[in-house]
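# Coordinates in review
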Amino acid sequence: MLDKIFSKEICNTGRQIEIDVLRTWLLIDLILCHCFIYCSSDERLLTGIPYAYDSVIGGPLCAPCFMLCMGIGMVYTKHNTARDFAKRGLLLAPVAFLLNICRFTIPGLIGYAITGEKETYLPTVFYETFENDILMFASLSFLTMALFKHFNLKPWIIVIIGLVMSGITTLIGGIDLGSPVANIIVGHFIGTEDAAELVCSYFTLFNWFAITAIGYLYGTYYQRVKDKKLFHLVIGVPALILAITYFAIRIPARVGVFGEGQICYYHASTVDMLGSAISAIARLAICYFISLILPDALKEFMKKTSSNVTASYCIQWVLVIVISTLFLYIIRGTSELSDFMIIILGICICVVSIVGARCYKAFLLSRRKTNEKE
């Protein structure tokens, strides 16, 4: 069986359309998830469609899939030296910080200046300015992988290290160091929260790196796959069965990442890390089979969207926050919308984000050509 799936040599190279399909699908889900979070009350997020997008689709089925893709991408990229990874990590950090300023700091200060509502806009603005979302996690992940590449660690060793990291933060996460600055700094690595139970750390390196490491191991084997259909049947179908079992047990019990509040998700346990990784592998297999029936025009669209996903991610965040916390709240006195209107809003933001990202890339290419001529 293994001889039918794997080659002794690397044979599955180049761009993988199933990953492009997955990343495009994830972008749409992510935007809808953020719209539901910011345009729904806390009570609505506990049931129905808002709960599905916040805790299920926006939980194990979203960010962890991006992390798995990131790990696979680390294998497939041509820029795969320790130096390349370190450079990528250092470049992502200021982008993550700039995004925080554009989506949280500036809108928060504008909202306060217009309304004078201190309690609405200012209490969390300091934490949000320095929070570690998935871009900062990606920065730290690349820097960590640069270290591992420097020491030539095997992929399976990196996975073990990632699981140990997850186990450590499962045991000691959610601590309060008594200082906002200390909570923010340490919160990039393990889960921290203050006395008011505000989450000071989101995608922490120790909590989530295991999924990127699993993606890296997955990618090393995926490069040698000669029969992708058989591979995804053998790997993807059992992963799908395990994922369904994981959801069927954890969702009704409302435990782990499916519980109430943000802490249960961002400070997820090792059990949920494994469940999320398995779910991501299953979703990638589904995307492979979807890619077999997609028309070429749609495949090309997804390739371009996937290649611009970081820019689209940044644009959608700014739009979601500005529309919900500034326009809707200031004009209507509330950011809440019906489920139907939230979906419409999400679709509009998705279109603007994708088009905006393409325009930004075209601008960069035009500027580069102009500089080369000069």
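What comes next is a walk through the structure. The structure presented is a predicted model; accordingly, all values stated were derived computationally and were not measured.

Per the secondary structure count, the chain includes 17 helices and 0 strands. Computed over the C-alpha atoms, the radius of gyration of the chain is 21 Å, within 12% of the 21 Å expected from 2.2 N^0.38 for a compact globule of 374 residues. Based on the C-alpha atoms only, the size of the chain along its principal axes is roughly 65 × 55 × 40 Å. Put simply, the chain has 374 residues, and 48% of those count as buried. Residue pairs in contact within the chain that sit at least 24 positions apart in sequence constitute 80% of those at least 6 positions apart. With the model as given, the accessible surface of the chain reaches about 17900 Å², and the carbon-plus-sulfur share is 67%. For the chain, the distance from the average site of its 30 positive side-chain charges to the average site of its 27 negative ones is 14 Å.

For the rest of this paragraph, the subject is unusual backbone geometry. Look at Asn152: it is not a glycine, yet its phi comes out positive at around 55 degrees. Within the secondary structure layout, Asn152 lies in the loop between α8 (134-150) and α9 (155-172). Positive phi values are uncommon outside glycine, yet Arg254 reaches one of about 50 degrees. Along the chain, Arg254 falls in the loop between α12 (228-253) and α13 (263-266).

A few words now on the layout of surface pockets. Approximately 240 Å³ is the volume attributed to the second largest pocket. In terms of lining residues, the second largest pocket is bounded by Phe6, Ile214, Leu217, Tyr218, Tyr221, Phe231, Ile235, Pro238, Ala239, Leu242, Ile278 and Ile281. Every element with two or more residues in the lining of the second largest pocket is listed here: α11 (205-222), α12 and α14 (270-291). Top contributing element to the lining of the second largest pocket by residue count: α12, with 5 residues. Counted by class, the lining of the second largest pocket contains 12 nonpolar, no polar and no charged residues.

The next thing to look at is the packing of aromatic side chains. Under the defined criterion, the tally for this structure stands at 24 aromatic pairs. For the ring pair Phe36 and Tyr53, a centre distance of 5.0 Å and an interplane angle of 10 degrees mean the geometry is stacked. Of this pair, Phe36 sits in helix α2 (residues 17-38) while Tyr53 sits in helix α3 (residues 48-57), and the two are 17 residues apart along the sequence. The pair formed by Phe36 and Tyr53 is uniform in burial state, with each residue classed as buried.

What follows concerns the packing of α2 against helix α15 (residues 296-307). One way to put it is that α2 packs onto α15 with a least axis distance of 8 Å and a crossing angle of 70 degrees. With respect to their mutual orientation, α2 and α15 come out roughly perpendicular. Considering only the axes of α2 and α15, their crossing is left-handed. Here Ile17, Ile19, Asp20, Val21, Arg23, Thr24 and Leu27 of α2 lie close against α15, whose contacting residues are Lys299, Phe301, Met302, Lys303, Thr305 and Ser306. Here the contact of α2 with α15 is built from residues that sort into 6 nonpolar, 3 polar and 4 charged.

Inspection of the secondary structure assignment puts Glu336 in the loop between α16 (309-332) and α17 (339-373). Apart from the residues within four sequence positions on either side, Glu336 is in contact with Cys39, Ser40, Ser41 and Arg44.

Right, let's talk about a nonpolar patch on the surface for a bit. A cluster of nonpolar residues, Met1, Leu233, Val234, Ile235, Val237 and Ile241, forms a patch on the protein surface that exposes about 510 Å² of accessible area. Along the chain, Ile241 turns up in helix α12.

This brings us to the side chain of Thr212. By the secondary structure assignment, Thr212 is in helix α11. Note on Thr212: relative accessible area 1%, which makes it buried. Filtering out sequence-adjacent residues up to four positions away, Thr212 remains in contact with Met67, Met70, Gly71, Met74, Phe137 and Ser141.

Moving on, we get to the nonpolar core. In this structure, Phe203 and Trp208 are the most contacted members of the largest nonpolar core, which totals 92 residues. The contacts of Phe203, once residues within four sequence positions are left out, are Ala63, Met67, Asn132, Asp133, Ile134, Phe137, Trp208, Tyr265 and Tyr266.

What counts and what doesn't
- Residues numbered from 1 in each chain as written.
- Predicted model: local features only at pLDDT ≥ 70, side-chain atom pairs only at ≥ 80, totals over all residues.
- Heavy atoms only, no water.
- Helix = DSSP H or I, 4+ residues; strand = E, 2+ residues; numbered from the N terminus.
- Rg over C-alpha atoms; globule rule 2.2 N^0.38 Å.
- Buried < 20%, exposed > 50% of the residue type's maximum accessible area, 1.4 Å probe, protein only.
- Contact = heavy atoms within 4.5 Å.
- Areas by Shrake-Rupley, 256 points an atom, 1.4 Å probe, with all protein chains shown as cover.
- Lys, Arg positive; Asp, Glu negative; His and termini not counted.
- Charge placed at Lys NZ, Arg CZ, Asp CG, Glu CD.
- 1 Å grid on protein atoms, 1.4 Å probe; cavity = no way out; pocket = protein on both sides within 12 Å on 5 of 7 lines; lining within 4 Å.
- Points joined across faces, edges and corners; volume = space filled by probe spheres on them.
- Nonpolar A, V, L, I, M, F, W, Y, C, P; charged D, E, K, R; others polar.
- Phe/Tyr/Trp six-rings, centres within 6.5 Å; stacked < 30°, edge-to-face > 60°.
- Axes fitted to C-alpha atoms, helices over the stretch in contact; angles between N-to-C directions.
- Parallel < 35°, antiparallel > 145°, perpendicular 65-115°, else oblique.
- Left-handed = near helix turned anticlockwise from the far one by under 90°.
- Patch = residues over 30% accessible without salt bridge, like charges linked within 9 Å, V, L, I, M, F, W, Y side chains within 5 Å.
- Salt bridge = Lys/Arg side-chain N within 4 Å of Asp/Glu carboxyl O.
- Core = buried A, V, L, I, M, F, W, Y, C linked by side-chain atoms within 4.5 Å.

Scope: geometric values only; no functional claims are made or implied.
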